[in-house]
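Take a look at the letters that make up each chain.
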Amino acid sequence: MATFSWSGSSVDITDSNQMAELVVIQKNLDAISSAVMACIDTGQDHRGCLCQYQALVGAFNASVKALFAAHPNLGKQDLVQFPAANGMWVTQSLLSLRQQANSPLSCP
């Protein structure tokens, strides 16, 4: 069974383990985004809001690093597509995820 099938300029993830890991990463990313945006809406700055949610950022970073450690072949890919829990397809940049996960969060 193939892990990838090519679709235009992105790769469709068909391996169930990889899809499950990417869904967790997407959920972590959505949780960070929602929490930080709600914080910003209260008038606080972006960095301060990120620092308030260090645990969420840490969980996201750990899940991204675990994905690449478990599936080194994904390190060669940028855009991937996979089905989300709601049945919609998500397109994600693995290069961007890796860069974000490797960017230190400096908080006071």
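Just so we're clear, the structure is a prediction, and the values are computed from it rather than from any experiment.

Analysis parameters
Residues numbered from 1 in each chain as written. Predicted model: local features only at pLDDT ≥ 70, side-chain atom pairs only at ≥ 80, totals over all residues. Heavy atoms only, no water. Helix = DSSP H or I, 4+ residues; strand = E, 2+ residues; numbered from the N terminus. Buried < 20%, exposed > 50% of the residue type's maximum accessible area, 1.4 Å probe, protein only. Contact = heavy atoms within 4.5 Å. Areas by Shrake-Rupley, 256 points an atom, 1.4 Å probe, with all protein chains shown as cover. Lys, Arg positive; Asp, Glu negative; His and termini not counted. Charge placed at Lys NZ, Arg CZ, Asp CG, Glu CD. Core = buried A, V, L, I, M, F, W, Y, C linked by side-chain atoms within 4.5 Å. Expected span 1.5 Å × (residues − 1). Polar contact = N/O pair within 3.5 Å; in protein donor to acceptor, adjacent residues only side chain to side chain. Phe/Tyr/Trp six-rings, centres within 6.5 Å; stacked < 30°, edge-to-face > 60°. Lys NZ or Arg CZ within 6 Å of the ring centre and 35° of its normal.

J.: Can you help me understand the overall build of the protein chain in this one?
T.: In terms of regular secondary structure, the protein chain is built from four helices and four strands. Order of helices (α) and strands (β) in the protein chain, N terminus to C terminus: β-β-α-α-α-β-β-α. Counting only C-alpha atoms, the protein chain reaches 50 × 25 × 20 Å along its principal axes. A total of 108 residues make up the protein chain; the buried ones form 32% of that total. When contacts within the protein chain are restricted to residue pairs at least 6 apart in sequence, long-range pairs at least 24 apart make up 57% of them. Here the protein chain has roughly 6300 Å² of accessible surface; of this, 56% comes from carbon and sulfur atoms. Taken together, the 5 basic and 7 acidic charged side chains of the protein chain have centroids lying 10 Å from each other.

J.: Got a minute to help me understand the nonpolar core in this structure?
T.: For soluble globular proteins, the rule of thumb is that nonpolar side chains tend to be buried together. Counting 22 residues, the largest nonpolar core has Leu-22, Val-64, Val-80, Phe-82 and Leu-94 as its most contacted members. Going through the elements one at a time, strand E2 (10–13), helix H1 (16–40), helix H2 (46–52), helix H3 (54–70), strand E3 (79–83) and helix H4 (94–101) are the ones with two or more residues in this core. Ranked by residues supplied to this core, first place goes to H1 with six residues. If we ignore the near neighbours within four places in the chain, the residues touching Phe-82 are Ile-13, Met-19, Leu-22, Val-23, Gln-26, Met-88, Trp-89, Val-90 and Gln-92.

J.: I would appreciate a short explanation of H1 in the present structure.
T.: Every α-helical turn comprises 3.6 residues, leaving residues that sit three or four positions apart pointing alike. Here H1 contains 25 residues, and its C-alpha end-to-end distance of 36 Å stays within 8% of the 36 Å for a straight helix at 1.5 Å per residue. Put simply, Asp-15 is the residue that caps the front of H1, since its side-chain oxygen is 3.1 Å from the backbone nitrogen of Asn-17.

J.: When you look at the packing of aromatic side chains in this model, what are you seeing that I'm missing?
T.: Here the distance between the centres and the angle between the planes together describe a pair of aromatic rings. Counted under the stated rule, the structure contains zero aromatic pairs. Taking NZ or CZ as reference, Arg-98 lies 4.0 Å from the ring centre of Phe-68, over its face.

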